[in-house]
Amino acid sequence: MIQLHKRPSKNPHLQPTIMISFKMKMVLLVGTLIIAIITVIGLFIGHFISVTMEAQVGDQALSVAESVAYIPELAEAFGHEDPASIINPLVTPIQKATNAEFIVVGNTEEIRYAHPDTSKIGKKMVGEDNEKALVYGESYVSKATGSLGDSVRAKVPVYLDGRIVGVVSVGYLVNDIQSIITSYNIHLWIVLITVAIVAVMIAILIASYLKKTLFGLEPEEIAHLFIQKETILQSTHEGIIAVNQHGMITMLNSAAQRLLFNQVIQPEQYEGMAIKDLAPAQQLLRLLHDENNRIDQEMMIGNTIVFANKAPIYFENSLVGTVFTFRNKTEIDLLTKELTSIKQYTNALRAQTHEFSNKLYTILGLLQLGKKEEAIHYIQLESSLQKSWIRLLIQKVSDPQVSGLLLGKLNQASEVGIDIAIQEDSRLETRLSEKQREALLTAIGNLMDNAIDAVNQKPSADRKIEISFTDIGNDIIFEIDDAGEGVPDLYVRLVFEQGFTLKKGEHGGFGLALTKQLIEGVNGEIYLEEGDLGGASFVLSIPKEGRESDA
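Analysis parameters
- Residues numbered from 1 in each chain as written.
- Predicted model: local features only at pLDDT ≥ 70, side-chain atom pairs only at ≥ 80, totals over all residues.
- Heavy atoms only, no water.
- Core = buried A, V, L, I, M, F, W, Y, C linked by side-chain atoms within 4.5 Å.
- Buried < 20%, exposed > 50% of the residue type's maximum accessible area, 1.4 Å probe, protein only.
- Helix = DSSP H or I, 4+ residues; strand = E, 2+ residues; numbered from the N terminus.
- Contact = heavy atoms within 4.5 Å.
- Pairing = 2+ DSSP bridges.
- Salt bridge = Lys/Arg side-chain N within 4 Å of Asp/Glu carboxyl O.
- Phe/Tyr/Trp six-rings, centres within 6.5 Å; stacked < 30°, edge-to-face > 60°.
- Expected span 1.5 Å × (residues − 1).

Notes on the nonpolar core
Nonpolar side chains tend to gather and get buried jointly when the protein is soluble and globular.
Alright, step 1. Counting residues in hydrophobic clusters, the biggest one holds 43 residues, and the most contacted among them are Val402, Leu406, Leu440, Ile465, Ile467, Phe478 and Leu540.
Alright, step 2. Elements supplying a minimum of two residues to this core: helix H11 (400-415), strand E12 (419-422), helix H12 (434-455), strand E13 (464-470), strand E14 (475-482), helix H13 (511-521), strand E15 (525-530) and strand E16 (536-543).
Alright, step 3. No other element matches the 10 residues that H12 contributes to this core.
Alright, step 4. Not counting residues within four places of it along the chain, the set of residues in contact with Ile465 comprises Ile418, Asp419, Ile420, Ala421, Ala451, Ile452, Val455, Ile480, Asp481, Asp482 and Leu533.

Here you go:
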C-alpha cells in the first residue's frame, strides 16, 4: 500500500531557484486584477452617476419650468402694467418647494419679471441662451453661466393667446449638483474599496488552500519534480501501469507499452481508457479488485509471462488509485540461471578445495607417523581415482564446460561420502549450441544437487547416485538416478511447478521449474520415473542441433 502525505521538501539543494513564492504571486496577481477591475468599475459608475444626475436635474428643471409656464395667471400677468408684482410672488413659493436654485421669468426682451434676488428684477437676463425658446418656441435644457454662477437650467416659452410673450428659466447650480455627485462617489468608493479588501483577503485564503493542495510545492518545483519523476518512470526497466479509483488508466511507462503493444505509443491513445478494455492486460483485473498488496504474481501480459506486483494508493485514508508493476519472467529466469550456474561452480570449487585439503592433511599425518609406504599408496590411489574421472570425462564428453561441471559434482559428492557412478557406455560427443549448453548445464547442476540432497541423509552404504548419458541416435539423453526416498505419487505431477518443493526449511521450488523451462526452450523434454536405485530418476532429452533447427 502506498500512502501519500503532504510533506514539502526542506532541502534547498533539491529545489529550483524561486524568487517569489507561489502564494505571493497569487496574491499579487489576483489583487492587481481585482484592483484594476474595481478601478474601472468605479470610474465607469462615477461617470454614469455624473451624467445621470445632470440628466435627472435637467429633466426636473424642465418639468418645473413647464409647470410654471403653463400657469394661466403667470401668462395673463404679462398684459399687466407691472408683471413683476404678480409673477415674482407667484413663482417664489414654487422655487422653495422644488429646491430650485432659481426660477427666472422674463419677457421677449429678456427683462426679468421674477428672480430670487429681487434687486435683479427689471434687468436683462444673463446667459444668452433664450433664443430657441423666445424665437422658435422650443423647450430645452442647457448649461450656462448666469448671474448666480454656472448652472443647469431649463427654458420653456410662455404663451398668451398663441403668442410667445416670455420665457421661464428654472436652474440648479453646477456646484450643488457636483456636491451631490461627489457625495455619491465617496459612498461608492468606500463600498468598492471594502469589496477590494475582502477580495484580496479571499485571494490570500485561496492561495493558501492551493499551496496546501499542492503539498506546499511551488509551480517551478512541481515542474521540476514532474520532469524528474517522468524521466525515472520512463527509464525504469520494469513495466508500470497506474489507474485511478475508477479503473481508468492514467499512466503507462515505455516498458509497459513495449510489453503490451510491442511499441511506444502516444499518451492520448491510452489515457482515460478503462483497464478492462485493454485486451493484453485482462489478467490484471483480478488484482485490481483485491484491496491487499500483491507481490510477484505470475501471469500473462500480452504475449509475455511476467511477475506482477500491485499496490493500492491511499491519500488521506481514501483510495485514489492503484499501481501495477511487472517484470519479464524470462529475464528473471535467465538471471536465476546465471546465479544457479555460479553457485554450482562455486560449490564444485569449494568441494575440490575442501577435499584436497583433507587429503593433504591425511598425507601429512601418514608422513609424520613414518608411514611412507601407506602415504605413497594413498597418493597413488587418489591420483588414480582423479585420473580415471578426468580420463573418463575427457574421453566421453567433448564439451569442456559439461565435463568440468560433472567433475565438480563428482568431487562435491565424494567430499560428503556419496558414491557416484557413471555408466561405462556413457558418451557425449555431439557439438552443443550455446543455448543447448546453457540448458544442459543448468539441468545437470540442479538435478545433481537434488540427487545429493536426496541421499545425503541416508546411511553411508546407501548413498549412491548413478549417471548415464548418450548421444547415440537423434537425441542427447541424460539420466540421473538416486537412492533417495523418491517422490510420492501424489506429488509427481507437481515437481516441475514453480514454488513446489519437498525440502523443509528452504525457500525452494524454482530449480526444477527453471530446468523444465530451459529444456523445453531447446525443444527438449524432462520427466520423472522410478529409478533402479529405489529413489527418483530424472531423464531429460534434447534433440541434436540439426533436429532442433528443423523443429
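What follows continues from the structure just given.
Remarks on helix H7 (residues 254-261)
Since one α-helical turn is 3.6 residues long, residues separated by three or four positions face the same way.
Alright, step 1. Buried residues dominate H7, accounting for six of its eight residues.
Alright, step 2. Along H7, the positions that sit buried rather than exposed are Ser254, Ala255, Ala256, Gln257, Leu259 and Leu260.

Observations concerning the pairing of strand E11 (residues 318-328)
Alright, step 1. As paired strands, strand E7 (residues 239-244) and E11 are joined by six bridges and run antiparallel to one another. Among the inter-strand pairings, Ile240 is bridged to a residue of E11, identified as Thr325.
Alright, step 2. Across 10 bridges, strand E10 (residues 304-315) lies against E11 in antiparallel orientation. Looking at E11, one finds that Val306 is bridged to Asn328.
Alright, step 3. Hairpin connection between E10 and E11: a loop of two residues separates the two successive antiparallel strands, and Glu316 in this loop has a positive phi of roughly 50°.

Re the pattern of salt bridges
Alright, step 1. According to the stated counting rule, one finds nine salt bridges in the structure shown.
Alright, step 2. With a closest N to O distance of 2.8 Å, Arg427 and Glu429 form a salt bridge.
Alright, step 3. What makes Arg427 partly exposed here is its relative accessible area of 29%.
Alright, step 4. Owing to a relative accessible area of 46%, Glu429 belongs among the partly exposed residues under this scheme.
Alright, step 5. As a salt-bridge pair, Arg437 and Glu434 come within 3.0 Å of each other at their nearest N and O atoms. Separated by three residues within a single helix, Arg437 and Glu434 lie in helix H12, roughly one turn from each other.
Alright, step 6. For Arg437, a relative accessible area of 15% puts it in the buried group.
Alright, step 7. What you see here is one network of salt bridges that share partners, running through Asp399, Glu434 and Arg437.

Focus on the packing of aromatic side chains
Alright, step 1. Under the defined criterion, the tally for this structure stands at four aromatic pairs.
Alright, step 2. Here Phe44 and Phe48 contribute two aromatic rings whose centre-to-centre distance is 6.4 Å and whose plane-to-plane angle is 20°, an arrangement assigned as stacked. Placement of both Phe44 and Phe48 in helix H1 (residues 22-69) is noted, with a separation of four residues, approximately one turn of the helix.
Alright, step 3. Residue classification places Phe44 among the exposed positions, given a relative accessible area of 56%.

What to know about helix H5 (residues 174-213)
Alright, step 1. Taking 1.5 Å per residue as the helical rise, H5 with its 40 residues ought to reach 58 Å, and the 56 Å between its terminal C-alpha atoms agrees with that figure.
Alright, step 2. What H5 keeps buried is the set Val174, Ile177, Ile181, Asn185, Leu188, Leu192, Ala196, Ala199, Ala203, Ala207 and Lys211.
Alright, step 3. Immediately beyond the C-terminal end of H5, within one or two residues, lies Phe215, with a positive phi of roughly 60°.

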